[in-house]
Amino acid sequence: MPVVSITNLKKRFQDQEVIKGLDFQLSEGKCIALLGANGAGKTTTLKMLAGLMKPDSGSIVFEGGEKADFRRLIGYLPQFPVFYEWMTGKEFLEYAGRLAGLPKATARNRAEELFELTGISDAKNRRIGKYSGGMKQRLGIAQAIIHRPKLVMLDEPVSALDPFGRREVLELMDKLKKETAILFSTHILNDAEEICDEILFLHNGELVESGTLAGLRTKHQQAKIDLAFKENTLQYAEELSLLQPFSSMKLDGEYASFLVEDIEYARELFLTEIMKRNLPLVKFEISRTRLEDVFMKVVQK
Amino acid sequence: MNQWMTLFKKEMLEMSRNFKWIWVPLTFIMIAVKEPLTLYYMPQIIDSLGGLPEGAVIELPVPSAGEALAASLSQFNTFGVLIIVLITMGTIAGERKSGVAGLILVKPVSYAWFVTAKWASSMILIWFSYFLSYFLSWYYVGVLFKFISFTDFLQSFFVNGIWLTLIITVVILFNTFMKSPGAVGFISIGIIVILSLLSSSLPHLLEWSPALLSAYANAFIMGSNFPDELLPSIIVSVFMITLSLLASIAIFKRRELA
Amino acid sequence: MEFIESINWAILAPIVIIQLILMAVAIIDLVKIEKANGPKWVWALVIIFINLLGPIIYFIFGRRS
C-alpha cells in the first residue's frame, strides 16, 4: 500500500523549470534514497512533499491524508535544520511532540525514548545553541519521528557531517527503518547503498531511473575486462578488439578496458589469442562496472 | 485549544528568556515618566544650563497636570510605537527567515493558532508595559502637579490602547507576507506615519480614522470632552483589527513557508 | 548647585534604579549570550556609556535572534 502517490509534479522558479513532471509512489516501511547531483531538484521535491512549497501542478496524495491533516503522517528534517537556540533539547523535543498532538506525558516519555535512541541524552538539558552539528542533526531526526509518522523525509542528513558524525547518523537511520518508511536525499551513492534498498534517481528535475539497487545492478552493470601489456598496449588491444566486434574498447591510461556481453566467451577468446601469439601480458582483470559509473554516464549526457 | 496554549506558552517562555518581560516594561516606564519630571523641573533645568541671559524674561507657564500626563501619552505614540514595531517585526518573519518555521509548520499546527498565539503574546507584553508605565506616570503627575481622576486616566488609557493594538496587529499582518524583519518594520512604520499624518492634516475628512484616537485621548486628558467621532473611530479600529488578524491568518496559510 | 539641592530625590530615585536595572540585565545577558550581533566589548561600552538608550539599543539590535 503506498503511503504517498505523486503524479506529474511540476515546479518552476521564475523561468526555470526545476521539477519537470515527477511520478512515483512510496510504499510503507521502505527505505528509499532520493539520489541526484546538486541542483537536480531533490530539496524542492522534499519541500513539496512536506507541504512547505506548493507545486505548480500535479498531485501529492497521502494515504489517509484526505480525512485528516497529512502532516500527522509525515516527519521532515530540512537540509540545514534550525531550532529555537534558547530552548534546551528536551524542551524543543517535547514542544515538537505537543505540536504534533501528543498528550503531555506521552510527549515527555517519547522525548526521553528518542534521546536514548539518538544517543544525545547527556545533552538534553543543554541549550540547543551549544549543540554541535552532529547533535543538531540527531535532534532534528528525533523531532521528525516523535509522533511516529508513516514516512520520514530527511534532506541530505549526512552531507554536512564529518566522517564520524556521518557514521552515527547512518547507523541511526538504519535503526529507524524498523519504525517507519524513510525517504532521504543524498548525492552520494555509497550512502544510499548502505542503508537503502531502493533509489529514485533525479537528474535535472526528472526521474531518470528508479527501482531496487539489485535490479539496477543487473540491468546496468556490464562485465569488463582490463588488459595491459608490457609494451604496445594500444596496438595489441586494437588487434584483440577485432576478434569481438560487439564489445566497446576504451584506453584508460596504461591499460585497455573492454565492455563485453558474454564474459565467458570473451575471456576464452582473449586468453587463447594471447597465448597463441605469446603477447607480453602484465594485467588481465575481470570486473563489473560500478553503479556510480552508470549514474555518471546519465549525468554527463 | 491545547495546541494554542502550547504555542502561547512557548512565546511567553521566549519573552522571559530574552528578558523582554524586564526591559520592555522598564523602557516604557522610562519614556512615560520622563515627561512629567522634565516638565516639573524645567525652570531648574534652564537655570542650571546657565540661566537666561541678563534682562531676558521668559514666562514659563506652569504646565497643568493634564498637559503633563498628555505629554506621556504622546511619548507612547512616538517612541512607544517605535519600540512596539521593533520588538514585533521579527516575531513570525524572523522565524521564517531563520528556517525554524519550516520545522514547526510541518507538524500538524493550525496556522490560525500559530498567528493568534503570536498576536496574543505580543498584546499581553505591550498592554502590560503600557498600563504599568502610564499608571506610574499618572501617579507622578499626581505627586508633582495634581491628581487627575482615575476614571479619566482609565478612559484615555483604553482609547489610546486601541490605537496601539491596531499597530501591533498591522505589524503581525506584515509579518505574514514578508520574510525580512527589517522590511516588516520599515513598511509598518511607513503605514503608521502616513496614516497619522493624513489623519492629523485632514481631520475633517478622516475624523473616524483610528490614528486620531491618540489625539482624542490627548485632548480628553487635557480637559476637553471626547468628540462625537470617538465611537465611530473605535468601531472602525476594532473592525480593522479584526480584518487584519483574519487577513494575517489567510495570507499565512497560502504562503510558501520555505 | 541649587538645582541639585532642589531636586526631590525620593521622586527621582525610581528612575535611576530602573536605569541601573536595565543596564545590569543587559550586561548579564551580554555575558551569557552565545554570540552578539557584533563584538561583545563594543556592546558593553554601548550599554554602559550611552545614557538611557544604551541597554535598549542593545536589546533591540544587539541580540541575535
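Scroll up for the structure.
Please read all numbers here as calculations on a predicted model, not as lab measurements.

1. A few points about the packing of helix H1 (residues 2–17) of chain B against helix H6 (residues 111–144) of chain B
Residues and elements named next belong to chain B. One can describe the packing of H1 onto H6 by two numbers: an axis separation of 9 Å at closest approach and a directional angle of 40°. By the criterion of interaxial angle, the relationship of H1 to H6 is oblique. Where H1 crosses over H6, the handedness of that crossing is right-handed. Listed contacts from H6 to Gln3, Trp4, Leu7, Phe8, Glu11, Met12 and Met15 of H1 are Trp113, Phe114, Ala117, Lys118, Ala120, Ser121 and Leu125.

2. Structural notes on the interface of chain A and chain B
The partner chain B presents 19 residues to the 25 residues of chain A that form the contact. When contributions to the side of chain A that touches chain B are tallied by element, the ones reaching two or more residues are helix H1 (42–50), strand S5 (74–77) and helix H2 (89–99) of chain A. By residue number, the principal contributor to the side of chain A that touches chain B is H2 of chain A, which donates 4 residues. A class-by-class count of the residues in the side of chain A that touches chain B yields 16 nonpolar, 3 polar and 6 charged.

3. Considerations on the sheet that holds strand S4 (residues 57–62) of chain A
Residue and element names in this part refer to chain A. Pairing is antiparallel in the open sheet, where 3 strands are placed in the order S2-S1-S4. A single partner strand is all that each edge strand has here, and the edge strands are strand S2 (16–27) and S4. Taking the axes of each pair of neighbouring strands and ignoring which way they run, one obtains an average angle of 15° across the sheet. Sheet topology places strand S1 (residues 2–13) next to S4; 5 bridges connect them, and they run antiparallel. When the sheet's bridge partners are listed, Ser5 is paired in S4 with Val61.

4. Some words on unusual backbone geometry
Residues and elements named next belong to chain A. One non-glycine residue, Asn232, adopts positive backbone phi at about 50°. Along the polypeptide, Asn232 turns up in the loop between strand S10 (223–229) and helix H8 (233–241). Look at Asn232 and you get exposed, because 12 C-beta atoms sit within 10 Å.

5. Section: the sheet that holds strand S11 (residues 248–252) of chain A
All names here are of chain A. The sheet built from 4 strands is open, its strands ordered S11-S12-S10-S13 with antiparallel pairing. With one partner strand each, in any of the chains shown, S11 and strand S13 (281–288) form the two edges of the open sheet. Taking the axes of each pair of neighbouring strands and ignoring which way they run, one obtains an average angle of 20° across the sheet.

6. Overview of H1 of chain B
Given a rise of 1.5 Å per residue, 16 residues ought to cover 22 Å, and the 22 Å separating the end C-alpha atoms of H1 of chain B matches this to within 8%. Those residues of H1 of chain B that sit buried are Thr6, Leu7 and Lys10 of chain B. Summarising the axial view, the buried residues of H1 of chain B lie within an arc of 95°, below the 170-degree limit, and thus occupy one face. With respect to the buried face of H1 of chain B, the exposed residues turned more than 90 degrees away are Asn2, Met5 and Ser16 of chain B. Of the surrounding elements, those touching the buried residues of H1 of chain B are H2 of chain A together with H6 of chain B. One or two steps after H1 of chain B, the chain reaches Phe19 of chain B, where phi turns positive at roughly 65°.

Reading the values: rules and limits
- Residue positions are given per chain, counted from 1 along the sequence in the order it is written.
- The order in which chains are written sets their letters, starting at A; the order in which ligands are written sets their numbers, starting at 1.
- Reporting in this predicted model follows two pLDDT cut-offs: at least 70 for local features of residues, and 80 or more for side-chain atom pairs to be given and counted; totals over whole chains, interfaces and linings ignore these cut-offs and use all residues.
- Fitting a line to C-alpha atoms yields each axis, with helices limited to the stretch in contact; the angle taken between N-to-C directions then spans 0 to 180 degrees.
- Numbering of helices and strands runs from the N terminus; a helix is a DSSP stretch of H or I covering at least four residues, while a strand is a stretch of E covering at least two.
- For this classification, under 35 degrees means roughly parallel, over 145 means roughly antiparallel, 65 to 115 means roughly perpendicular, and everything else is oblique.
- Should the near helix be turned anticlockwise from the far one by less than a right angle, the crossing is termed left-handed; should it be turned clockwise, right-handed.
- Here, residues touch in the contact sense if the C-beta positions derived from the backbone fall within 7 Å of one another.
- Think of it as three bins: nonpolar holds Ala, Val, Leu, Ile, Met, Phe, Trp, Tyr, Cys and Pro, charged holds Asp, Glu, Lys and Arg, and polar takes everything else, Gly as well.
- Pairing between strands requires that DSSP locate at least two bridges from one strand to the other.
- Whether a residue is buried, exposed or partly exposed is read from the other C-beta atoms within 10 Å of its own C-beta, which are placed from the backbone; 20 or more gives buried, 12 or fewer gives exposed, and intermediate counts give partly exposed.
- Helix span, as expected, comes to 1.5 Å for every residue beyond the first.
- Note that the arc is computed from the directions linking the helix axis to the C-beta atoms.

What is shown is where atoms sit, not what they do.
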